[in-house]
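# An overview of the molecular structure
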Amino acid sequence: MSNRFHIIVTGESGRSFALQLSKRKLALSLTASAVTILAICVACYFTAGSYFNSKRLSAKVGKLNARLELSEKSNCDYAEQIAELKKQHKETLAALKKQHQDTLAALKKKHGNLIASQQQDYETQLAEQKTTFDLETTSLQLENVRLMNTAVNDLNQRSRLIETVMDTIGVTIKKAPATKKQENSGGPFIPDNEKSYDNLLQQVDNYLKTIRTMPLGKPVNGRISSRFGKRVDPVNNKKAIHEGVDIKGARGDHILATAGGKVIKAMKNGGYGNYVEIDHGNGYITAYAHMQSYLVKKGDHVKQGQVIGQVGSTGRSTGPHLHYEIRLNNKPIDPEKFMKVADISHTIKTNQNKK
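Sequence order as written defines residue numbering, which begins from 1 separately in each chain. Under the rules for a predicted model, residues below a pLDDT of 70 receive no local features and side-chain atom pairs below 80 are neither given nor counted, while totals for whole chains, interfaces and linings still include all residues. Hydrogen atoms and water are omitted, and side-chain values are computed over all heavy atoms in the structure.

## A look at the side chain of His323
Going by this rule: Helix numbers and strand numbers start at the N terminus; a helix is a DSSP run of H or I with at least 4 residues, a strand a run of E with at least 2. Nitrogen and oxygen atoms within 3.5 Å of one another constitute a polar contact, given that in protein one can donate a hydrogen and the other can accept it, and given that sequence-neighbouring residues count only through two side-chain atoms. In this description, contact between two residues means that some pair of their heavy atoms is separated by no more than 4.5 Å.
As for its position among the elements, His323 is in strand 13 (residues 321-328). Here His242 takes part through its side chain, which lies 3.2 Å from a polar atom of the side chain of His323. With residues up to four places along the chain from it excluded, the contact list for His323 reads His242, Gly244, Val245, Asp246, Tyr272, Ala287, Tyr288, Ala289 and His290.

What follows is the structure, encoded as structure tokens:
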């Protein structure tokens, strides 16, 4: 079987042409033709799609342009309306302002006398209030002067009272430093009560600071059964030195701290029995002996009047009592002097609380 095709073409004149094609070339030609036709069809499809899509987009653009033109026209209309409203508002404000001015002028003209009368009354009342205020201020100043004089007198009394306490005990208090004398100066003398008051305050404060560290008053309510100094020992009836005082009391009576301070001893101390020592600062130490029991421990901080133990008869004792000592810079001093000023010191504290 032949692998070629013979194509014979005859014209009108009777002439003919013969074409010989191999099957392979014919298949390639047909394939190429089919691919070309397919490519043309695809191109036509996409071209047609692009055309219709472009036409659809053009239609949308046209609609949007129409809407934009409509919006611009509406904006122009709104701008004109706003301008018109602003103009009307401005004219209305001007008319209201003129009307207000006319009304105010008419009221002033109609009520001018009344306004002047009220203004005069106001000024009169203001003058009266100023006069009243000045009188009240003067009265307050006089009252302040009276109160200042009273305070100065009160401080002087306290100062003298505290000095009496100190003289009774035999303790010297450092005075407030005097004001330095000014040289090459002069002028009329005007008493300065405020300065005197400040000096008295400083002096009384110095006094009170000293008193707060001093053990004043009795630690137990009872009579003194044995005084400070030389005595006959109650146990062996021999002469001895008594470095404190013995205060008689009932077993279990409260023993009070005569000043605030720190407990430095709380223990059984041989012949002293149950024993407590308190350091009050500024060199003062108090000791309490023969106690039935002590209610504080070493290191405790106690306040004046705080219960620190109970009266008993422990140690070298012939009956329930409190042996009480005061030492100043480790030297025993007579506690009885400090007990005698108990009532005076109580008065000082009362006055201080009322202040």
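There's more to say after this.
## Here's the deal with the pairing of strand 10 (residues 284-294)
To be explicit about the condition: We call a residue buried when its accessible area falls under 20% of the maximum for its residue type, exposed when it is over 50%, and partly exposed in between, using a 1.4 Å probe and counting protein chains only. Should DSSP find at least two bridges between two strands, the strands are taken to pair.
Among the eleven residues in strand 10, eight count as buried, and that is most of the element. Looking at chain direction, strand 9 (residues 274-281) and strand 10 are connected through six bridges and run antiparallel. Looking across to strand 10, one finds that Asp279 is bridged to Ile285. Remark: two residues form the turn of the hairpin made by strand 9 and strand 10, two consecutive strands paired antiparallel; Asn282 in that turn has positive phi of roughly 60°. Where strand 10 and strand 13 come together, six bridges link them in antiparallel fashion. Each bridged residue has a counterpart across the sheet, and for Tyr284 the counterpart in strand 13 is Leu328. With three bridges connecting them, strand 10 and strand 12 (residues 307-311) associate as antiparallel partners. Among the inter-strand pairings, Tyr294 is bridged to a residue of strand 12, identified as Gly309.

## Some remarks on unusual backbone geometry
With a phi close to 60°, Asn282 is a non-glycine residue in the positive phi region. When its relative accessible area of 53% is taken as the criterion, Asn282 is described as exposed. Positive phi values are uncommon outside glycine, yet His290 reaches one of about 65°. According to the relative accessible area criterion, His290 is buried, its value standing at 6%.

## Looking at the nonpolar core
To keep it simple, the criterion reads: Definition of nonpolar core: a set of buried residues of the types Ala, Val, Leu, Ile, Met, Phe, Trp, Tyr and Cys, connected through side-chain atoms within 4.5 Å.
The biggest cluster of nonpolar side chains holds 25 residues, and the ones touching the most others in it are Ile255, Val276, Ile278, Tyr288 and Ile308. Sorting the residues of this core by element identifies strand 6 (245-248), strand 8 (261-268), strand 9, strand 10, strand 12, strand 13 and helix 3 (335-340) as the ones contributing at least two each. When residues no more than four places from it in sequence are discounted, the contact partners of Ile255 are Pro219, Val220, Tyr288, Met291, Gln306, Val307, Ile308, Gly309, Gln310, Val311 and Leu322.

## Details of the packing of aromatic side chains
Put simply, the test is: Classification of ring pairs rests on two measures: the distance between centres of Phe, Tyr or Trp rings, Trp counted by its six-membered ring, which must be within 6.5 Å, and the angle between planes, read as stacked under 30 degrees, edge-to-face over 60 and tilted in between.
Following the criterion strictly, the structure yields five aromatic pairs and no others. Taking 5.5 Å as the distance between ring centres and 75° as the angle between the ring planes, the aromatic pair formed by Tyr45 and Phe46 counts as edge-to-face. Assessed through its relative accessible area of 62%, Tyr45 is described here as exposed. You can call Phe46 exposed: its relative accessible area is 55%.

## A word on a nonpolar patch on the surface
To keep things clear, this is the line we draw: In this analysis, a patch consists of residues with relative accessible area above 30% that form no salt bridge, clustered at 9 Å for like charges and at 5 Å for the nonpolar side chains Val, Leu, Ile, Met, Phe, Trp and Tyr. Note on areas: Shrake-Rupley, 1.4 Å probe, and residue coverage restricted to the protein chains presented here. Any carboxyl oxygen of Asp or Glu that lies within 4 Å of a side-chain nitrogen of Lys or Arg is treated as forming a salt bridge with it.
Residues Leu38, Val42, Tyr45 and Phe46 make up a contiguous nonpolar surface patch of roughly 470 Å² in combined accessible area. In this structure, Phe46 sits in helix 1 (residues 23-169).

## Brief notes about the pairing of strand 8
Here strand 8 pairs with strand 11 (residues 301-302) via two bridges, running antiparallel. Its bridge partner being in strand 11, Lys262 is matched across the sheet by His301. In terms of strand pairing, strand 8 meets strand 9 through six bridges, oriented antiparallel. In the sheet register, Ala266 faces strand 9, and the bridge partner there is Val276. Adjacent in sequence and paired antiparallel, strand 8 and strand 9 are bridged by five residues, among which Gly270 carries a positive phi angle near 55°.

## So, the pattern of salt bridges
Using the criterion set out here, one finds six salt bridges in the structure. As a salt-bridge pair, Glu277 and Lys265 come within 4.0 Å of each other at their nearest N and O atoms. Of this pair, Glu277 sits in strand 9 while Lys265 sits in strand 8; the two residues are twelve residues apart in sequence, bridging distant segments of the chain. Lys297 is the partner of Asp300 in a salt bridge, and the nearest nitrogen-oxygen pair spans 3.2 Å. Given a relative accessible area of 21%, Asp300 falls into the partly exposed group. One connected set of salt bridges, linked through shared partners, spans Lys265, Glu277, Glu325 and Arg327.

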